[in-house]
Amino acid sequence: MSTTTSRPRSTRRVRRPLAAVTASFAALALAACGGGSGFDEGGGGSGDGEEGAGGETGGGTLEVLIGSSGDAETQSVTEALEAWSAESGTEANLSVAADLPQQLSQGFAAGSPPDVFYVGVDHFAGYAANGSLEPYADQIEADFFPALVESFTYEDTFYCAPKDFSTLALVVNNTAWQEAGLTEDDYPTTWEELSTVAEQLTTDGQVGLSFGPEWQRIGTFMAQAGGGLVDENGSANVDTPENVEALTYVQEMLAAGTAAYPSEVGAGWGGEAFGSGAAAMTIEGNWVIGALTNDFPDVDYTVVPLPEGPAGQGTLQFTNCWGVAADSQNKEAAIELVRFLVSDEQQMAFAEGFGVMPSVESVRDRWTEQFPEQAAFIEGAEYAQGVPPVEGISDVIGDFNAQLEGLASGDPQQILTSVQGSLEAVAP
Amino acid sequence: MTAVAEAPARAGDAGGRAAGRRSPTTRRLVTTSFVYALLAALAVVYIFPFLISISTSFKSNADAAANPLSLVPATFTTEAYERLFLNSDFPLWFQNSVIVTLAVTVGRVLFDSLAGYALARLPFRGRGVVFAGLVAVMAVPSVVLLIPKFLVINTLGIYDSYSGLIIPLLADAAGIFIMKNFFESVPASVEEAARIDGAGTFRVFWSVVLPMARPALVTIVILSFQGSWNELSHFIVASQSQELFNLTKGVAQLSSGALSQGTQYPLKLGAAVIMTIPVAVLFFVFQRRIMNASAGAVKG
Amino acid sequence: MTTARPAGTAAPHRRRRPGRGIQSGQAAAGWLFITPMLVLLGLFLVLPIAMAAWVSVSDWTGRGNPFGGAASYVGGQNYAELLTGGGLPQRDFATSLRNNAYYVLLVVPIQTALSLTLAILVNRRIMRGRGFFRTAFYFPSVTSSVAITVVFLFLFTASGAVNRVLSYLSVGGPNWINDPRGVLHIVLGAVGVDQPPAVLQSAPFLGLSWWQWLAGPSVAMCVFIIMGIFTTSGTFMLLFLAALQNLSGEVEEAAMVDGTTAWQRLRYVTIPMLRPTIFTVVTLGLIGTWQVFDQIYTGTRGSPGKTTLTPAYLSYETSFNSQQWGRGAAIAFILFAIIVVMTIVQRVVLAERDVVPARKRFYRTGQKGGEPS
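About the cut-offs
- Once a new chain begins, its residue numbering starts again from 1 and follows that chain's sequence as written.
- For naming, the first written chain is A and the first written ligand is 1, with later ones following in the order written.
- pLDDT decides what is reported in this predicted model: residues at 70 or higher carry local features, side-chain atom pairs at 80 or more are listed and counted, and totals for whole chains, interfaces and linings draw on all residues regardless.
- Each helix corresponds to a stretch of at least 4 residues labelled H or I by DSSP, and each strand to a stretch of at least 2 residues labelled E; elements are numbered beginning at the N terminus.
- Buried means a residue has 20 or more other C-beta atoms within 10 Å of its own C-beta, exposed means 12 or fewer, and partly exposed covers the counts in between; C-beta atoms are placed from the backbone.
- Our contact criterion uses C-beta atoms placed from the backbone: two residues qualify when those atoms are within 7 Å.
- A strand pair is defined by DSSP finding two or more bridges across the two strands.
- When residues are grouped by polarity, Ala, Val, Leu, Ile, Met, Phe, Trp, Tyr, Cys and Pro land in nonpolar, Asp, Glu, Lys and Arg in charged, and all others, Gly among them, in polar.
- For this analysis, nonpolar core means a set of buried Ala, Val, Leu, Ile, Met, Phe, Trp, Tyr and Cys residues linked through C-beta atoms within 7 Å.
- Here the bounds of each domain stem from an automatic or database domain assignment.
- By definition here, a helix of n residues has an expected span of 1.5 Å times n minus one.
- Given a residue, its bend is the angle between the two axes fitted to the seven residues that end at it and to the seven that start from it.
- Only the stretch in contact is used when fitting a helix axis, every axis being a line fitted to C-alpha atoms; angles between N-to-C directions are given from 0 to 180 degrees.
- Crossing handedness is read from the near helix: turned anticlockwise from the far helix by less than a right angle, it gives a left-handed crossing, and turned clockwise, a right-handed one.
- Any angle between 65 and 115 degrees counts as roughly perpendicular, while under 35 counts as roughly parallel, over 145 as roughly antiparallel, and the rest as oblique.
- Confidence of the predictor in every single residue is expressed as pLDDT, which spans 0 to 100.

Chemist: I would appreciate a short explanation of the overall build of chain C in the present structure.
Modeler: From N to C terminus, chain C includes 16 helices and 0 strands. Looking at chain C as a whole, 52% of its 373 residues qualify as buried.

Chemist: Would you take a moment to explain the overall build of chain A for this structure?
Modeler: Along the backbone of chain A there are 17 helices and 13 strands. Residue pairs in contact within chain A that sit at least 24 positions apart in sequence constitute 75% of those at least 6 positions apart.

Chemist: Hey, could you run me through the pairing of strand S9 (residues 279-285) of chain A in this one?
Modeler: Residue and element names in this part refer to chain A. Counting buried positions over the 7 residues of S9 gives 7, a clear majority of the element. Across 5 bridges, the pairing between strand S6 (residues 161-173) and S9 is antiparallel. Across the sheet, valine 171 pairs through a bridge with threonine 282, a residue of S9. The pairing of strand S7 (residues 207-210) with S9 spans 3 bridges and is parallel. Pairing of leucine 209 across the sheet is with methionine 281, part of S9.

Chemist: So what exactly am I meant to see when it comes to the interface of chain C and chain B here?
Modeler: How big an interface is tends to be stated in terms of the accessible area lost upon association of its parts. Of the residues lining the interface, 92 residues belong to chain C; the matching set on chain B comes to 84 residues. By residue number, the principal contributor to the side of chain C that touches chain B is helix H1 (residues 21-56) of chain C, which donates 25 residues. For the side of chain C that touches chain B, the residue count by class is 58 nonpolar, 26 polar and 8 charged.

Chemist: Quick question: what am I supposed to make of the nonpolar core here?
Modeler: Generally speaking, soluble globular proteins have nonpolar side chains that are buried together. Core analysis: the biggest nonpolar cluster contains 272 residues, and A:Cys160, A:Val338 and C:Ala332 have the highest contact counts within it. Ignoring anything within four residues of it in the chain, the contact list for A:Cys160 reads A:Val119, A:Leu133, A:Tyr136, A:Ala137, A:Phe152, A:Cys321, A:Trp322, A:Gly323 and A:Val324. Listed in part, the 31 residues of the second largest apolar core include C:Phe139, C:Leu241, C:Leu274 and C:Ile278.

Chemist: Please explain the domain arrangement of chain A as it appears in this structure.
Modeler: Residues and elements named next belong to chain A. Domains assigned within chain A are domain 1 (60-166 + 318-380) and domain 2 (168-315 + 389-426). Spacing between the C-alpha centres of domain 1 and domain 2 amounts to 27 Å. Where the side of domain 1 that touches domain 2 is concerned, the elements lending two or more residues are helix H4 (121-129), strand S4 (153-154) and helix H15 (375-380). Ranked by residue count, the leading element in the side of domain 1 that touches domain 2 is H4, at 7 residues. Classifying every residue of the side of domain 1 that touches domain 2 by side-chain character gives 13 nonpolar, 10 polar and 3 charged.

Chemist: For this particular structure, what's the right way to read the pairing of S6(A)?
Modeler: A regular strand carries its side chains on alternate faces of the sheet. Residues and elements named next belong to chain A. With 13 of its 13 residues buried, S6 lies for the most part within the structure. Across 6 bridges, S6 lies against strand S11 (residues 315-324) in antiparallel orientation. When the bridges of S11 are listed, phenylalanine 165 appears paired with threonine 319. The pairing of S6 with strand S12 (residues 357-358) spans 2 bridges and is antiparallel. Its bridge partner being in S12, phenylalanine 165 is matched across the sheet by methionine 357. One ladder, built from 4 bridges, connects S6 with strand S10 (residues 301-304); its direction is antiparallel. Pairing of asparagine 173 across the sheet is with tyrosine 301, part of S10.

Chemist: What is the right way to read helix H2 (residues 25-57) of chain B from this model?
Modeler: Since the α-helix packs 3.6 residues into each turn, any two residues three or four apart lie on the same face. All names here are of chain B. Along its 33 residues, H2 runs 47 Å from first to last C-alpha, staying within 8% of the 48 Å computed at 1.5 Å per residue. Roughly 40° is the biggest bend found in H2, and it falls at isoleucine 47, with proline proline 49 one to four residues downstream. When H2 is considered as a whole, its buried residues turn out to be Leu39, Tyr46, Phe50, Ile52, Ser53, Ser55, Thr56 and Ser57.

Chemist: Sorry, what's going on with the packing of helix H5 (residues 90-121) of chain B against helix H12 (residues 214-230) of chain B here?
Modeler: A pair of packed helices is characterised by two quantities: the angle between their axes and the separation of those axes. All names here are of chain B. Packing of H5 against H12 leaves a shortest axis separation of 9 Å and a crossing angle of 145°. For the element pair H5 and H12, the recorded crossing hand is right-handed. Here Ser97, Val100, Thr101, Val104, Thr105, Arg108, Val109, Asp112 and Ser113 of H5 come into contact with H12, specifically with Leu217, Ile220, Val221, Ser224, Phe225, Ser228 and Trp229. Across the contact of H5 with H12, the residue classes break down as 8 nonpolar, 6 polar and 2 charged.

Chemist: What is the right way to look at the packing of H12(B) against helix H15 (residues 265-285) of chain B in this model?
Modeler: All names here are of chain B. One can describe the packing of H12 onto H15 by two numbers: an axis separation of 10 Å at closest approach and a directional angle of 165°. Relative to H15, H12 is oriented roughly antiparallel. Crossing angle aside, the handedness with which H12 passes H15 is left-handed. Taking contact as the criterion, the partners of Ile222, Phe225, Gln226, Trp229 and Asn230 in H12 are, on H15, Pro278, Val279 and Leu282.

Chemist: Looking at this model, I keep getting lost on helix H16 (residues 393-404) of chain A. Mind explaining?
Modeler: Across its 12 residues, H16(A) extends 16 Å between first and last C-alpha, which sits within 8% of the 16 Å expected from 1.5 Å per residue. Turning to H16(A), its buried residues are A:Ile393, A:Ser394, A:Asp395, A:Val396, A:Ile397, A:Gly398, A:Asp399, A:Phe400, A:Asn401, A:Ala402, A:Gln403 and A:Leu404. In the core, the buried residues of H16(A) are packed alongside H4, helix H8 (215-224) and helix H17 (412-426) of chain A together with helix H3 (88-122) of chain C.

Chemist: Hey, could you run me through the confidence of the model for chain A in this one?
Modeler: Caution applies to low-pLDDT regions: their predicted coordinates should not be interpreted in detail. Here chain A shows a mean pLDDT of 83. Residues at 70 or above account for 86%. Here residues 1-36 of chain A scores under 50 on pLDDT; set against residues more than four positions off or in separate chains, the count is 73 contacts.

Chemist: For this particular structure, what's the right way to read the environment of B:Glu231?
Modeler: Tracing the sequence through the fold places B:Glu231 in the loop between H12 and helix H13 (233-238). If near-sequence neighbours (up to four positions away) are discounted, B:Glu231 is found in contact with B:Leu169 and B:Thr248.

Chemist: Can you walk me through the confidence of the model for chain C in this structure?
Modeler: Residues and elements named next belong to chain C. On average, residues of chain C score 80 in pLDDT, and 84% of them reach the 70 mark or higher. A low-confidence stretch, residues 1-19 (pLDDT under 50), is modelled with 29 contacts involving residues beyond four sequence positions or located in other chains. Predicted confidence for residues 355-373 stays below pLDDT 50, and this span has 33 contacts to residues more than four positions away or in other chains. For this predicted complex, the interface confidence comes out at an ipTM of 0.83, alongside a pTM of 0.82.

Chemist: What exactly am I supposed to notice about the environment of C:Val55 here?
Modeler: If you trace the backbone, C:Val55 turns up in helix H1. In the structure, C:Val55 is positioned 25 residues away from C:Ala80 in sequence and 15 Å away in space, judged by C-alpha atoms. Not counting residues up to four positions away in its chain, the partners in contact with C:Val55 are B:Leu151, C:Trp60, C:Pro66, C:Trp325, C:Gly326 and C:Ala329.

Chemist: I tried to follow unusual backbone geometry on my own but got confused; where do I start?
Modeler: One non-glycine residue, A:Asp156, adopts positive backbone phi at about 70°. Tracing the backbone through its elements, the reader meets A:Asp156 in the loop between S4 and strand S5 (157-158).

Chemist: What is the right way to read the environment of C:Ile331 from this model?
Modeler: Residues and elements named next belong to chain C. For isoleucine 331, the position within the fold is in helix H15 (residues 325-355). With 31 C-beta atoms counted inside 10 Å, the residue isoleucine 331 sits in the buried group. Sequence spacing of isoleucine 331 and alanine 312 is 19 residues, and the spatial spacing of their C-alpha atoms is 7.9 Å. Discounting chain neighbours no more than four positions away, the residues touching isoleucine 331 are Leu82, Phe93, Pro311, Leu314, Ser315 and Thr318.

Written as structure tokens, this is what we have:
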């Protein structure tokens, strides 16, 4: 969910190319004398003030780092920052990370992190545990969805303000739907129906359903079967009959050829498979709307809720929070900025800009009114499962995903047993 | 052995004579055509990826996906390049690569030649130990140093700066060997004459030795340029700001990170083509020397 | 950095040979000349190793100064976790070792054989266009691995150039870079062995079952294997060419007079004489192939199914993404040890062969050629 190809031109340019060599030698001399460690000793260290490219930040400019889903998101955030800067008089620089977790981790380790940044749930616990994040969220007054607050609470402390959220739903290609002789009454509401329509939609050169080989998509089936990653107490609970049933179902569809991973149809992700016509249905989140509008404007589609499984409805929700670095030189301004960014007005602006759902309940009705065609997504909020906020969860999910790539020829029970083992290690 | 020592090509006539004496002409013809055919086929395999990259970079996304094999774009477009140069940080990456590469090259030429000269010509106590140390240090695989380098760069306070990108790359044991070997291969008489005239060691080095060492210096320039232009892992661990991205780091992230952006092969291949050009130019200009340099350097 | 200074000044007087001001001046200059490089090498090659050694036995998670109290000593815990832990870290590490081992096993012999073949073909004396072929084969070696990886990712997409060519030959190509199936598993599957026999299900070594160890390189890894061969064969071809040109022409001529065929000359004269170079190429190959990083970082980041994960990439990923710096450093050290051991083993094995009586009288002569220093 990140992009590198196009972002607004960097506002700061490096001004000292020629001085670099001279500086190098000066720094070498300095280094040899053992001066100037980059490792920050706790909160108030030297920070990135006098170091290289970060050199201009000393005067209170905020560095903001995001992982962007595309031009639209980058644009919206840029505008928001500009508006805030005009209002507050504090400069804010936006950078778009190509690889957000890596850039954040490296920044934390180097003691020169950005001031404000996106934090995904899967990395949240790790950053909170090692003290990288400033727990400021209690200073923000907003009625966040309780499930989102839950996601950013570590050891009973609510750390950072949820930015917005998305859920997964079923996206259907209207043209393909009609060509297969299906009508609005045929939108699948059960697994059996899903299999049936997927089969009907599968033609030469078009697969019925496509979704990424990852828990972040296949987990919806686990939820519908009544399973999940953890139980109510937050303990690992992967190796369950419900989850086996879900994976077995997915495996059957893959084997039947009515469902396929995007890479098998020459696409990078579900939205691309769907937009390019290689798949007639996909399971994706709100972001797919913007992507389709940009990349495949001619595709006619409908978003419907995911079908019910044996245990009823189920989907997954994803969210980011606005993290503030514990090492930030300018925490007050950073928190001020976040307060602005999670305000009702900004949340709606982001929703319009790149199709996310506001993290506060106060604008829920406004949002539903404005985006009736996306009703399926907000409906999902009722029953969605989130990423468990457990330290080390991202490695476990990463491992799960790696095994899911081989699901077509793998053994669901074996996969779940091994994931259970890994998850137990971090969530006993 | 070294970059500069060009092995004299073995007299071609001897081989020709021998072959003529050996066997009937027809048989030789068959063998020769077979060898040519084999070589030509291999050459196609080696060159084709580069040709296809160039042609694909001028295709549209759809064309690239539909006709991955065709060497002529169905619709010729410079869209990929426009996007790279006008609507991305690519020019910045390029600029950074140039800055770092030039600085590293200049630095290495200077330090390698100084150190190589000292090891070859200046008797000082501890020279043997230093030399042994260099040999040991050269054996450390660079990838193993990824994490450690970050720690050092950060401790020294040069993380995320041009200094951090450049200075660690100046450490180059192999270059010292090339220079040392070269200096050992030239007679000392000229320098001695200069020294008798009363010139100091550094003066001798600067105005007598260095000009003489041009062939070896060119080798160092080539290796340093190529090495730092193509370097990736060091830049990953030494910086984080977007302003310090260079070509390899930028293109690598473009290649692996752009999930929601679709495949975009013309764009990626365009970036790959552009980043190959400087090295390719260097390669074709100094072709003969590079061939020898590389053989020498690897053997080092 | 330094200035020219008159000869003979500042001579330390403890030198035993009096009156040789020039020489002691030179000694000072020697240190002066070599100091910049020593500082650089010390700072960026020696010191890092010491620092990483500390981090590898610490519990540093990436915040605060690991050398100033933000990390505490945990002994061999990080190593134990990787080697005997039984958890995800161990399994990932074992997987990465397996992946890389297959990479080494395939790349090293093939690239050695291919580069030798190329060198012999290009070295033919009656050959026209030698320069062209040499250039063509060597060019991939000078380009950046990032650029080449991008190109290969394009060539090996599901409906890409390679599969297009295969389809002309009526072969259905796999979904290369996205196919996690092990090659050996595919072969076994073709003869009806889909599930591991019970005997292979135990996991006695580093927590990975025999069945997993024996998966072979994944189809995705094969792309990197092909790429590795493609990019390095040119460099090694040059090494062989240099050695071939140093070979004594008379030796071969003498062999010709004996009425041997070209193949026999190659087998019994040329190759034995190239032995030192082969040794060099294999050593360099072994060292290089255990360090696969750029391609993985650019291309797959370990996917599909972790089958392109390599220890070098895992070490990076563990430190910089998962913030388990201690474990990441430990992986780096184990990798270092593997490379050292491999090189030593290879040295010993080949050295033993050297002791076998030299049946060719030219053998000794050949050794002068390309012995690495």
